[in-house]
Each structure stands twice: as structure tokens, then as C-alpha cells.
Amino acid sequence: MAVPKSLRATVRELDNHRCAYCQSPEILAVTPFEIDHIVPQKAGGKTELDNLCLASPECNRHKYARQTAVDPQTNHQIALFHPRQQAWADHFVWNEQHTHLIGLTPAGRATISALNMNRPRLIHLRQLWVKLGYVLSE
Ligand SMILES: [Zn+2]
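First, a word on what this report is: a plain description of the structure on this page. Small disclaimer: the values here were computed from a predicted structure and weren't measured. (Residues numbered from 1 in each chain as written. Predicted model: local features only at pLDDT ≥ 70, side-chain atom pairs only at ≥ 80, totals over all residues.)

1. Thoughts on the overall build of the protein
Working step 1: Each helix and strand counted, the protein has five helices and six strands in total.
Working step 2: Reading the secondary structure of the protein in the N-to-C direction produces α-β-β-α-β-β-α-β-β-α-α.
Working step 3: Expressed as lengths along the three principal axes of its C-alpha atoms, the size of the protein is roughly 40 × 35 × 20 Å.
Working step 4: Out of the 138 residues in the protein, the part that is buried amounts to 30%.
Working step 5: Residue pairs in contact within the protein that sit at least 24 positions apart in sequence constitute 60% of those at least 6 positions apart. (Helix = DSSP H or I, 4+ residues; strand = E, 2+ residues; numbered from the N terminus. Buried ≥ 20, exposed ≤ 12 C-beta atoms within 10 Å, placed from the backbone. Contact = placed C-beta atoms within 7 Å.)

What follows is the structure in C-alpha cells.
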């Protein structure tokens, strides 16, 4: 089911026009961000606000239909970070330079790994955003 336009706008507002996973600002990206079904529709996820978040195309592509991923520290299969049920800052923190994300929890680490949230091109962009004075976290 396609996401109605008004719901898309509400999701964008709710996520502050940033990817709910990697926190990239949509306004500084070349391509529009996508509305992600946190629990995929295939798995019964509904098209409603508490199951939708804004996602950069890269995060969305890496997440695809996954709901779990391996925590690289423990090798355990872990539920991915859920942007509507969990607080971003409980699971992720920036390194000192604000270029790399660090997982604070198994869900944070598994999500960074599965969504490739420290991809080299994104790190390069974050360096530029920091130089521009753009604040990457709330
Ligand atoms: Zn992202």
C-alpha cells in the first residue's frame, strides 16, 4: 500500500527531515528520502505512523525487509533499532569528530552494521557537513 501524501509529510516532520537511522539531513542530500516500513509490509507491518520512518535511500536499501541483524560484538541475532519504539540517542552516539556512528547497544551495533551506516561516502559527506557547521544530532 502506498503511503498517503499527508502521512508522508507527518513522518518527515516527526523525523526532523533526517534519516531516522543515520541522521543524514534530507535537505543536504541529492535524492529525496524514502518512507520506510519499520516492520516490512511483507511481515505484516502496517502503513501507519508508528510503523513508518524517514530513511535515506542507502539505509532503506540496506535494511530492505530485515527486522534483525547480527551484533558484530557478540555475533547474536538482534532486532534492529526501531525508530518509533526506541530513542535514537539510547542506541547511537557520534565519535568526537561527528563522522562515525558508534553503537551503544546490541541493537545499535547490529543496525549500524546491517545498514552500513558508516559507509565511506557518507563519512566523507559528514566531514563536509561538520565543516559547514551543520549539527548532526539533536
Ligand atoms: Zn540513513
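2. As for the nonpolar core
Working step 1: One finds Cys19, Tyr21, Cys22, Leu54, Ala55, Cys59 and Met117 to be the most contacted residues of the largest nonpolar core, which totals 24 residues.
Working step 2: Breaking this core down by element, the ones donating at least two residues are strand E2 (52-55) and helix H4 (106-114).
Working step 3: Apart from residues lying up to four places away in sequence, Cys59 is in contact with Cys19, Tyr21, Cys22, Leu115 and Met117. (Core = buried A, V, L, I, M, F, W, Y, C linked by C-beta atoms within 7 Å.)

3. A word on the pairing of E2
In regular strands, side chains alternate between the two faces of the sheet.
Working step 1: Residue alternation in E2 divides its side chains into two sets, Leu52 and Leu54 and Cys53 and Ala55, and both sets are buried.
Working step 2: Two elements, strand E1 (residues 34-37) and E2, share four bridges in a ladder whose sense is antiparallel. Across the sheet, the residue bridging to Glu34 is Ala55, located in E2. (Pairing = 2+ DSSP bridges.)

4. A short note on H4
Working step 1: The element H4 is largely enclosed, with a buried count of seven among its nine residues.
Working step 2: Restricting attention to buried positions, one finds in H4 the residues Ala107, Gly108, Arg109, Ala110, Thr111, Ile112 and Ala114.
Working step 3: Check the buried side of H4 and you find it contacts helix H2 (57-63), strand E3 (68-70), strand E4 (77-79), helix H3 (88-91), strand E5 (92-94) and strand E6 (101-103).
Working step 4: Backbone geometry just downstream of H4 places Asn116 in the positive-phi region, at approximately 55°.

5. A few points about the environment of Leu128
Working step 1: Position of Leu128 relative to the elements: it lies in helix H5 (residues 120-131).
Working step 2: Judged by local crowding, Leu128 falls into the exposed class, with 10 C-beta atoms found within 10 Å.
Working step 3: Separated by 97 residues in the primary sequence, Leu128 and Thr31 have C-alpha atoms spaced 17 Å apart.

6. Notes on H5
An α-helical segment advances 3.6 residues per turn. Residues three or four places apart therefore align on the same side.
Working step 1: Its twelve residues place the ends of H5 17 Å apart at the C-alpha level, agreeing with the 16 Å of an ideal helix rising 1.5 Å per residue.
Working step 2: Gly133 occupies a position one or two residues after H5 and carries a positive phi of about 85°. (Expected span 1.5 Å × (residues − 1).)

7. A closer look at the environment of Phe81
Working step 1: For Phe81, the location among the structural elements is in the loop between E4 and H3.
Working step 2: The spacing of Phe81 and Leu14 is 67 residues in sequence and 17 Å in space, taken between C-alpha atoms.

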